[in-house]
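# Summary of structural features
For reference, the chains in residue letters:
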Amino acid sequence: MAEIILKNITKEYENGFQAVKNVSLDIKDNEFVILVGPSGCGKSTTLRMIAGLEDISDGDLFIDGERMNDVAPQHRDIAMVFQNYALYPHMSVYQNIAYSLKIKKIPKSEIDQRVHEVAKSLGLEELLDRKPGQLSGGQKQRVAMGRAIIRHPKAFLMDEPLSNLDAKLRGQMRVEIADLYQRLNTTFIYVTHDQTEAMTLGTKIVVMKDGEIQQIDNPTNLFSYPVNKFVAGFIGTPTMNFFEAECAEENGLVVLKTVAGRIVMNDAKAAKLREGGWIGKKVTGGIRPEHVILSQDGENTVFSGKVNVFELLGSNAIIYVETEAGMIVMNTSQVQVYEHGDKIALSVIADKVHVFDPETERTVTN
Amino acid sequence: MSTPKVKRKFKRRYDKLPTVLLFVLPALIPLIVFWIYPICRSVYLSFTNWDFISPTYKIVGLKNYISLFRNPRFFEALGHTVVFTAGTLIPTIVLGLVLALLLVRNFHGSGILKFILFSPWITPTVAISIVWTWIYKTDGGIANTILTALGASPLKWISSSDTAMLSVIIVTVWKSLGYAMIFYLSALERVPGELYEAVALDGASKWRTFFDITLPCISPTTFFLMIITMVNSLQAYDQIQVLTQGGPSGSTRTLLYMYYQLGFQEFNMGQATAVAVVMILLTVGLSVIQFKASEKWVHY
Ligand SMILES: Nc1ncnc2c1ncn2[C@@H]1O[C@H](COP(=O)(O)OP(=O)(O)O)[C@@H](O)[C@H]1O
Ligand SMILES: [Mg+2]
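No experiment lies behind these values; they were computed from the predicted model shown. (Residues numbered from 1 in each chain as written. Chains lettered and ligands numbered in written order. Predicted model: local features only at pLDDT ≥ 70, side-chain atom pairs only at ≥ 80, totals over all residues. Heavy atoms only, no water.)

### Focus on the overall build of chain A
When you go through chain A residue by residue, the secondary structure sums to nine helices and 20 strands. With respect to the principal axes defined by its C-alpha atoms, chain A has extents near 80 × 45 × 35 Å. Sorting the 366 residues of chain A into buried and exposed places 52% on the buried side. In chain A, once contacts between residues fewer than 6 apart in sequence are set aside, the share between residues at least 24 apart is 66%. (Helix = DSSP H or I, 4+ residues; strand = E, 2+ residues; numbered from the N terminus. Buried < 20%, exposed > 50% of the residue type's maximum accessible area, 1.4 Å probe, protein only. Contact = heavy atoms within 4.5 Å.)

Quick look at the structure:
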């Protein structure tokens, strides 16, 4: 239970590399915040600065209103689940979970009761006497969480906790973590490079790239209103299609002209494009695969080309189409089987088109 | 009808034996010639009255052992061996670890320092010991010069039976310190950094971290060093020979040195080999005890 505030935090490593640049973030009491971004974007560094494992080069960190920059990790009352679990190899599961309480000189009987409580909630009761070396990945993961839970810390930090698990277990643990958050009702900061994980777990997602925050938003907004091309491409699978287009005004309508056709912008987007002075200029268009549709008549064709790969996923199919505008991916639920080389004409749901400034890559239609 | 099955099993287990022997033999031959045969020979000789020179000798049964166990000199030497072994083992391990902890973080000149501390280990013990006889000189030796400078009264070092054992122990510890340090350095570097971070977040102090994380993680190295140092101490000869020759008045006579004196100075090879056999049993016994005990405190 803590409010954590990062104010213009920068991390410069000894070699001069800036891993985190001027990051500001307000994490409210009992909030579940997810830091997501590609590998090397500074997620772990940010988390480790909050935990006190890494010095803060510049800026301020407040926990419950108190400046924490120079407070040792021992005194921050924050628990962390490490990517490789970092269980104490020579201690049993019981001792691993009990360790922080033992240090606090809490009476043995109380420790025992709390360890059993935690072990029960995580399904670890049978394993209390085992050493970490005798556990599977998923079990180690649970022990690592148990070690964090038992302390009732101010905040939980998790650094890619599921990345060492296989896909099935990952899905299962994701549900358990969500459940844990509901039960504990504490501040969670969760780091992952996996956008699916972020989208399914989070209410507040922080997208990072190259040490900088790109966007802080909920999953729906991240998906529908990405602030720039990076976020648009990073969130969602298969990734958004990007294409070159020219913004033009025809018969009082604002349209995006692609190599093979045109997309008519709705009033809201048209207004933004006019406002921004984009008429007559080159822009980058973006459309998610699920918003690419088959062109019924020749009229509204935006892309045309040949089927390259056809992946049938059961209720839907992913079709990779080689078009004049490059590869366009379509995710459709109208399952119709295509062969490699089949000719296909594509259209888009115009309301779902994103338009980006080709220079700054910022979204111009939000 | 299980005989054929057993036979086949037996056959399968041993049909690779010739091949295995072919590869192992080159290593086995020196072992047999220089180790197993001499041990067996020693055990045999300990039941004789050979004087090291005569071509003939008689089997005397347990006589050598009986007189050994009636000889106060033997128990004195046994006591000295225990004092010497414990006196070298504990400081070598403790100080070796302290040095490793100080030097594990690289700083300017730490490489040179490590090399200097390690160099006694690769210098012949005889050479080291000769230098230490100068250091220990009662008049004008460095040891006493330092003591006087510190305001303490000078000691007689290797010339007094009160301090001779201490002097030999100091030389031995000084020599093996760097060796222990090198092993501890690599052990400390192998402790995963994440463990230190996890334990810090769990709220442990530096002190607790050392006892709860560092020591258990390096326990296999501690165990290895305990065995090696113990065996080395039981076999120490060079420094005793150069520094004190077992004296003054037998105060540095260990079992090994007693063996040497009995065999090569008093030409009582039967007695000497009896001492050697006792030493072998002692070494094996102590090793077994250490291995048994290690199950409790060594974490692999
Ligand atoms: N100790 C260090 N010294 C120098 N650069 C580092 C150090 N640790 C991490 N980095 C660099 O900082 C960047 C961010 O690292 P990290 O926070 O671990 O990324 P993430 O967790 O998002 O994958 C990476 O480019 C990494 O190479
Ligand atoms: Mg990371």
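### Things to note about the overall build of chain B
Each helix and strand in chain B was counted, giving 14 helices and zero strands. Each helix (α) and strand (β) of chain B, taken in turn from the N terminus, gives the series α-α-α-α-α-α-α-α-α-α-α-α-α-α. A compact globule built from 300 residues should have a C-alpha radius of gyration of about 19 Å, whereas chain B, at 24 Å, is more than 25% larger. A principal-axis box enclosing the C-alpha atoms of chain B has dimensions of 65 × 65 × 35 Å. Across the 300 residues in chain B, those meeting the buried criterion constitute 41%. Total accessible area on chain B stands at roughly 17200 Å², and carbon and sulfur atoms take up 71% of it. (Rg over C-alpha atoms; globule rule 2.2 N^0.38 Å. Areas by Shrake-Rupley, 256 points an atom, 1.4 Å probe, with all protein chains shown as cover.)

### Some details on the sheet that holds strand 14 (residues 282-287) of chain A
Residue and element names in this part refer to chain A. Reading across from one edge, 13-12-11-14-20 is the order of the five strands in this open sheet, with antiparallel pairing throughout. A single partner strand is all that each edge strand has here, and the edge strands are strand 13 (262-264) and strand 20 (354-356). Recorded for the sheet is a direction-independent mean angle of 40 degrees between the axes of neighbouring strands. Of the pairings in the sheet, the one linking strand 11 (residues 241-250) to strand 14 comprises six bridges and is antiparallel in character. Looking at strand 14, one finds that A245 is bridged to V283. Relative to the sheet, helix 9 (residues 267-275) contacts strand 11, strand 12 (253-257) and strand 20, its axis offset from that of strand 12 by approximately 80 degrees. (Pairing = 2+ DSSP bridges. Axes fitted to C-alpha atoms, helices over the stretch in contact; angles between N-to-C directions.)

### So, the sheet that holds strand 18 (residues 326-332) of chain A
Residue and element names in this part refer to chain A. Pairing in this open sheet of five strands is antiparallel, and the strands run 15-19-16-17-18 from one edge to the other. The sheet terminates laterally at strand 15 (292-294) and strand 18, the two strands that pair on one side only. Neighbour-to-neighbour, the strand axes of this sheet turn through a mean angle of 45 degrees, independent of strand direction. For strand 16 (residues 303-312) and strand 17 (residues 317-323), the ladder comprises seven bridges, and the chain directions are antiparallel. Its bridge partner being in strand 17, F310 is matched across the sheet by I319.

### Some details on the site of ligand 1
All names here are of chain A. Around ligand 1, the neighbouring residues are Y13, N15, F17, A19, S39, G40, C41, G42, K43, S44 and T45. Within the side chain of Y13, one N or O atom sits 3.4 Å away from a nitrogen atom of ligand 1. In this structure, an oxygen atom belonging to ligand 1 sits 2.6 Å away from a side-chain N or O atom of S44. When ligand 1 sits alone it has 560 Å² of accessible area, and the protein chains cover 63% of it. (Near = heavy atom within 4 Å. Polar contact = N/O pair within 3.5 Å; in protein donor to acceptor, adjacent residues only side chain to side chain.)

### Topic: helix 10 (residues 206-217) of chain B
Spanning 12 residues, helix 10 of chain B covers 15 Å between terminal C-alpha atoms, matching the ideal 16 Å at 1.5 Å per step. Buried residues of helix 10 of chain B: T209, F210, D212, I213, T214 and P216 of chain B, and no others. Those residues of helix 10 of chain B hidden inside the fold are in contact with helix 2 (93-103) of chain A together with helix 4 (72-103), helix 8 (164-190), helix 9 (193-201) and helix 11 (219-234) of chain B. (Expected span 1.5 Å × (residues − 1).)

### Regarding the domain arrangement of chain B
Residue and element names in this part refer to chain B. Taken domain by domain, chain B comprises domain 1 (1-45) and domain 2 (62-297). Computed over C-alpha atoms only, the centres of domain 1 and domain 2 are separated by 36 Å. Facing four residues of domain 1, the contacting portion of domain 2 comprises five residues. Counting the surface lost from both domain 1 and domain 2, the interface buries some 360 Å², and carbon and sulfur atoms represent 73% of this. Of all residues in domain 1, S42, V43 and L45 bury the most surface against domain 2, accounting for 84% of the area lost on that side. Linking domain 1 with domain 2 are zero salt bridges. Within the side of domain 1 that touches domain 2, the residues separate by chemical class into three nonpolar, one polar and no charged. (Domains from an automatic or database assignment. Buried area = accessible area lost by both parts, 1.4 Å probe. Salt bridge = Lys/Arg side-chain N within 4 Å of Asp/Glu carboxyl O. Nonpolar A, V, L, I, M, F, W, Y, C, P; charged D, E, K, R; others polar.)

### Considerations on the pairing of strand 8 (residues 187-192) of chain A
All names here are of chain A. Counting buried positions along strand 8 gives six out of six residues, so the element sits mostly inside the fold. Burial of the side chains of strand 8 extends over both faces: T187, I189 and V191 are buried on one face and F188, Y190 and T192 on the other. In terms of strand pairing, strand 3 (residues 32-36) meets strand 8 through five bridges, oriented parallel. Note that in strand 8 the partner of V33 across the bridge is I189. Of the strand pairs in this sheet, strand 7 (residues 155-159) and strand 8 are connected by five bridges, and their pairing is parallel. Bridge pairing in strand 8 places A155 opposite T187. Regarding the hand of the β-α-β motif, the stretch spanning strand 7, helix 5 (residues 167-184) and strand 8 is right-handed. (Right-handed = clockwise from strand over helix to strand, strands pointing away.)

### Observations regarding the interface of chain B and chain A
Between chain B and chain A, the residue contacts involve 16 residues of the former and 23 residues of the latter. When chain B packs against chain A, the two sides together hide about 1800 Å² of surface, and 58% of this comes from carbon and sulfur. A per-residue breakdown of the area chain B buries against chain A is headed by E194, L201 and D202 of chain B, which together make up 39% of the total. Put simply, chain B and chain A have two salt bridges between them. Put simply, chain B and chain A have eight residue pairs in polar contact (both at pLDDT 80 or more) between them. Sorting the residues of the side of chain B that touches chain A by element identifies helix 9 and helix 10 of chain B as the ones contributing at least two each. Split by residue class, the side of chain B that touches chain A holds nine nonpolar, two polar and five charged.

### Brief notes about the layout of surface pockets
All names here are of chain B. Approximately 880 Å³ is the volume found for the largest pocket. Contributing to the lining of the largest pocket are 25 residues, with R105, Y196, K206, T209 and T214 lying nearest its centre. Put simply, the parts of the chain that give the lining of the largest pocket at least two residues each are helix 8, helix 9 and helix 10. The residue makeup of the lining of the largest pocket, split by class, is 12 nonpolar, six polar and seven charged. In this structure, the second largest pocket encloses a volume near 460 Å³. (1 Å grid on protein atoms, 1.4 Å probe; cavity = no way out; pocket = protein on both sides within 12 Å on 5 of 7 lines; lining within 4 Å. Points joined across faces, edges and corners; volume = space filled by probe spheres on them.)

### Comments concerning the pattern of salt bridges
Oppositely charged side chains can pair when the atoms bearing their charge come close. Within the structure shown, the criterion is met by 17 salt bridges over all chains. Across the pair R151 of chain A and D77 of chain A runs a salt bridge whose closest N-O atoms are separated by 3.6 Å. Here R151 of chain A is found in the loop between helix 4 (137-149) and strand 7, whereas its partner D77 of chain A is found in the loop between strand 5 (66-67) and strand 6 (78-81), with 74 residues between them in sequence. Take R151 of chain A: its relative accessible area is 7%, and that puts it in the buried class. Note on D77 of chain A: relative accessible area 29%, which makes it partly exposed. A salt bridge links R151 of chain A to D202 of chain B; the nearest nitrogen and oxygen atoms lie 3.7 Å apart. Placement of R151 of chain A in the loop between helix 4 and strand 7 and of D202 of chain B in the loop between helix 9 and helix 10 is noted, with the two residues assigned to different chains. Here R151 of chain A and D202 of chain B have matching classes, each one buried. One connected set of salt bridges, linked through shared partners, spans R48 and E54 of chain A together with E197 of chain B.

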